[in-house]
Amino acid sequence: MKNISLHIDGKYVQTPGGSTILAAAKQNGIHIPTLCYHPRTRQAGKCRLCVVEVKGLPGLQVSCSIQAQDGMVVLTHTERIIETRKMIVELYLSNGKHNCMSCEACGSCELQAVAYHLGIEKSDFPAVDKDMPVDMSCPMIIRDMNKCIQCYRCIIACNDIAVNEVLDMGYRGSKMTVVCDTDKPMGKSSCVVCGECVQLCPTGALTEKKAIGKARHWETEKVRTTCPYCGVGCQLQLHVKDNEIVKVTGAEDVEPNYGSLCIKGRFGYDFVHSPLRLKSPLLRKDGRLEEVSWEEALNFTAKRFSEIKQAHGPDSIVGIGCARSTNESAYVMMKFMRAVIGTNNIDHCART
Amino acid sequence: MLYMSKILLRNKDIPNSQSLEVYTGRGGYNALRKALSLPQDDVISMVYESGLRGRGGAGFPAGAKWRMLTKYRVKTVYLICNADEGEPGTFKDRFIMEFDPHLLLEGMLITAYATGAHHGFIYIRGEYDWIAKILVKAIDEAQAHGFIGNNILGSSFSFFVDVFRGAGSYVCGEETALIESLEGKAGRPRLKPPFPAASGLYGDPTLIHNVTTLSYIPFIIGNGPDAFKSAGKAGSGGTHIFGISGHVNKPGIYEYPMGTTLRELIYEAAGGIRGGKHLKAVVPGGMSAPILKADEIDVSMDYQALNAIGTMLGSGGIVVLDEDTSIPMIAQKTAKFYAHESCGQCAPCREGTNMIKYLIDKIIAGEGTAKDIEQILRLCRYIRGSTICAFGIAATLPIAAMIKKFRNEFEALLRD
Ligand SMILES: Cc1cc2nc3c(=O)[nH]c(=O)nc-3n(C[C@H](O)[C@H](O)[C@H](O)COP(=O)(O)O)c2cc1C
Ligand code: SF4
Ligand code: SF4
Ligand code: SF4
């Protein structure tokens, strides 16, 4: 779209038409703090941290939701704006239970980051007791609603991205909280444990159970890899400490998944370090499985295929491709069956 | 001497005023006949010229709102009557609906004709269950006599109305929360823009008016815009229904010209302060209107004059408080109400109203410090204007005014 130009904090900037004020500021190196906004869940307009003043419009405007217009004059850091942001963050800190020291999200928490940037060491408001039971019912996810900032990200994630339609906001006022179905424990709800909500939660309200106590955010090495479970090839970010996978998140910036994962890709990584994991081929000798080299195993298999083909013809052999293989492997498998074995008996496990 | 005006309450004390027979016998539905004989734009112009402003609280000019809709006539347009009447101290709409339901229906019909709406909803607060029944009966009666339905009075205009009962939430009176609720969702206000005139109920252009606003329409069309204007003494003209409650001798519902003074309303209409006591303070326009001190009551009750002294006409609910009233206790009740009714959707309102309530409770309990008062004022200052809907303003303006005008009463409760 055509570029438009506007003034932000006295700076003349350009942005593609249709951008929000927030996007225009970001493109031009002007930082506006946000909590409920995330590029994947987009504007929610709930936290009101991204407020700015726009000449000619009354009150404060939320920059995540208002489109930049040609010739607009925007201020992002007036005293009123800073004071409003400080009030909001201090209220969050007073009305929630944010024990950062032992919180799993410490270091990656966005509330913490915003408080840091606004120079808030401690809320100036008294702490209002909040003591909601922590929901441990889900095998993989811990829900501590005392740390929830009602940003709606998990709700948009569950309903609009993963389309599982489990989460919604229940109740109202200061009692407003995220509920699963009709306010059931997560483990008893229709949740399929995809973890989309956990990944998008800006605070420690939603955390991975298996990762508890394993590592601080800054201690882990982030390793990009492809999920081994199926042919979609979702991109993973492994969080690794001392050569151990502590948790897995979806890589947000790339195809095909843009951060989304299924339960297996996100939580099914125990096999990597399992002592039961097969690391070399097994061959049955005298009725017992024995570890052998790849060379021996492949030679044996080739020999038996040839013998069977000779004795009973190529159509006595059938190939079933694996759902975990990539497109390339599936293609080679098909080629192998048709060109090497000489049969059309080739199918896929997802169809059989 | 004060003379009560009789535009909206003229049928109220007539026996059987809810019936179609009595209503038509007193000239009812003639304005509809007249409207149907005029081009739609002429009807809009009459309302525009009358200067009628919305009686739901915000006082937005009705004619201007109608004109915004004309460009959407090709689409489905909905008309919603806001009968949620949740503002504490407000009880005007219920009298119109209870005693003159056909007046409201006639107003809706003319409005729908002018703006091209074919379906209307009356969103009535849940507690008014018996009034909902009166409305349904009136609608049935009007439909049976050809005032509602297809080809009304032989014209090409068709219109249907449904009554929808709310479930007891104050914020559902806010127009976009009301629309969400009407659509079957939780009553949480929408981000604006878009405004309902562009995208309202089911995403279609929607006109929302308060009961009282709509009920003025038959008079304006029947008698002309000038007759309406000259019914007022000041400001934008017309009359206003004042619901006077609190420590007065004759609490009740009164219709007087716009521009009548608050003093006249309290001392003449409502018979003065109960038990010969002195007046301490007045809330002039529903609980969200900033409080006035006893020496401010010579103000003319119209939009402009009240704005000039930092308060508002709001919903016209006047709450009169005598010398024995504790303002901090009133502040505590107010804070409790808003903390309870916040929809919870946006951070400053959800967290802030809860904190204001916490701090006022602390002060009332004798545990407060001077800093707590400052913190309440800080909250009132910065919640305002940073929220999704005007609830944030409604919740903070009255508290800030109570503290500023009666600070000594709060300070007297502080620890040490
Ligand atoms: C928190 C809140 C509560 C409201 N409650 C009501 C109400 O109960 N009745 C009403 O008519 N308007 C109420 N309003 C105002 C409506 O949003 C809207 O402005 C009004 O219905 C428009 O009608 P009018 O133009 O006839 O005044 C409320 C607004 C807010 C912000
Ligand atoms: S894990 Fe997936 S299905 Fe379950 S609540 Fe979160 S987003 Fe919804
Ligand atoms: S649980 Fe997390 S993502 Fe969901 S609303 Fe709370 S803070 Fe936001
Ligand atoms: S201002 Fe209050 S009532 Fe309005 S949307 Fe925000 S939380 Fe809800």
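Preceding this paragraph is the structure being described.
Because the structure is predicted, anything quoted here is derived from the model rather than measured.

A. Layout of the environment of B:Phe160. Residues and elements named next belong to chain B. With respect to the helices and strands, the residue Phe160 is situated in strand E3 (residues 160-165). The exposure class of Phe160 is partly exposed, given its relative accessible area of 29%. Once the C-alpha coordinates of Phe160 and Phe147 are considered, the two residues, 13 residues apart in sequence, prove to be 9.7 Å apart. Those residues in contact with Phe160, other than ones at most four positions away along the chain, are His118, His119, Gly120, Gln143, Ile148, Gly149 and Asn150.

B. Fine view of helix H11 (residues 262-269) of chain B. All names here are of chain B. All of the buried residues in H11 are Leu262, Leu265, Ile266 and Ala269. Angular distribution of buried residues about the axis of H11 spans 120°; they occupy a single face of the element. For H11, the elements touching its buried residues are strand E5 (239-246), strand E6 (252-257), strand E7 (279-283), strand E8 (292-293) and strand E9 (317-322). Of the residues one or two after H11, Gly271 is the one with positive phi, at around 75°.

C. Here's a closer look at the pattern of salt bridges. Overall, the coordinates contain 32 salt bridges over all chains when judged by the stated rule. Here B:Glu341 ties to A:Arg172 by a salt bridge, and the two come within 3.2 Å at their closest N and O atoms. Pair noted here: B:Glu341 is in helix H13 (residues 327-341) and A:Arg172 is in the loop between strand E7 (167-170) and strand E8 (177-180), and the two residues belong to different chains. Measuring nitrogen to oxygen at the nearest pair gives 3.5 Å for the salt bridge that ties B:Asp361 to B:Lys357. Remark: B:Lys357 and B:Asp361 occur in helix H14 (residues 347-364); sequence separation between them is four residues, near one turn of the helix. Overall, B:Asp361 belongs to the partly exposed group, its relative accessible area being 27%. Taking relative accessible area as the criterion, B:Lys357 reaches 26% and is therefore assigned partly exposed. Within the structure, one salt-bridge network assembled from shared partners comprises B:Glu180, B:Glu183, B:Lys185 and B:Arg190.

D. Structural view of the side chain of A:Ser63. Here A:Ser63 shows up in the loop between strand E4 (61-62) and strand E5 (73-75). When near neighbours in sequence (up to four residues on either side) are disregarded, A:Ser63 contacts A:Thr20, A:Ile21, A:Leu22, A:Ile32, A:Cys50 and A:Val52.

E. Quick look at the site of ligand 1. Residues and elements named next belong to chain B. In the neighbourhood of ligand 1, 18 residues make up the surrounding shell, with Gly56, Lys65, Asn82, Asn210 and Thr213 lying closest. In this structure, Lys65 approaches ligand 1 through a side-chain N or O atom, which is 2.9 Å from an oxygen atom. Between an oxygen atom of ligand 1 and a side-chain N or O atom of His209, the distance comes to 2.9 Å. The fraction of the free accessible surface of ligand 1 (610 Å²) that becomes covered by protein chains is 90%. With three residues, strand E4 (residues 206-210) is the single largest residue contributor to the shell around ligand 1.

Calculation criteria
- Residues numbered from 1 in each chain as written.
- Chains lettered and ligands numbered in written order.
- Predicted model: local features only at pLDDT ≥ 70, side-chain atom pairs only at ≥ 80, totals over all residues.
- Heavy atoms only, no water.
- Helix = DSSP H or I, 4+ residues; strand = E, 2+ residues; numbered from the N terminus.
- Buried < 20%, exposed > 50% of the residue type's maximum accessible area, 1.4 Å probe, protein only.
- Contact = heavy atoms within 4.5 Å.
- Arc of directions from axis to C-beta.
- Salt bridge = Lys/Arg side-chain N within 4 Å of Asp/Glu carboxyl O.
- Near = heavy atom within 4 Å.
- Polar contact = N/O pair within 3.5 Å; in protein donor to acceptor, adjacent residues only side chain to side chain.
- Areas by Shrake-Rupley, 256 points an atom, 1.4 Å probe, with all protein chains shown as cover.

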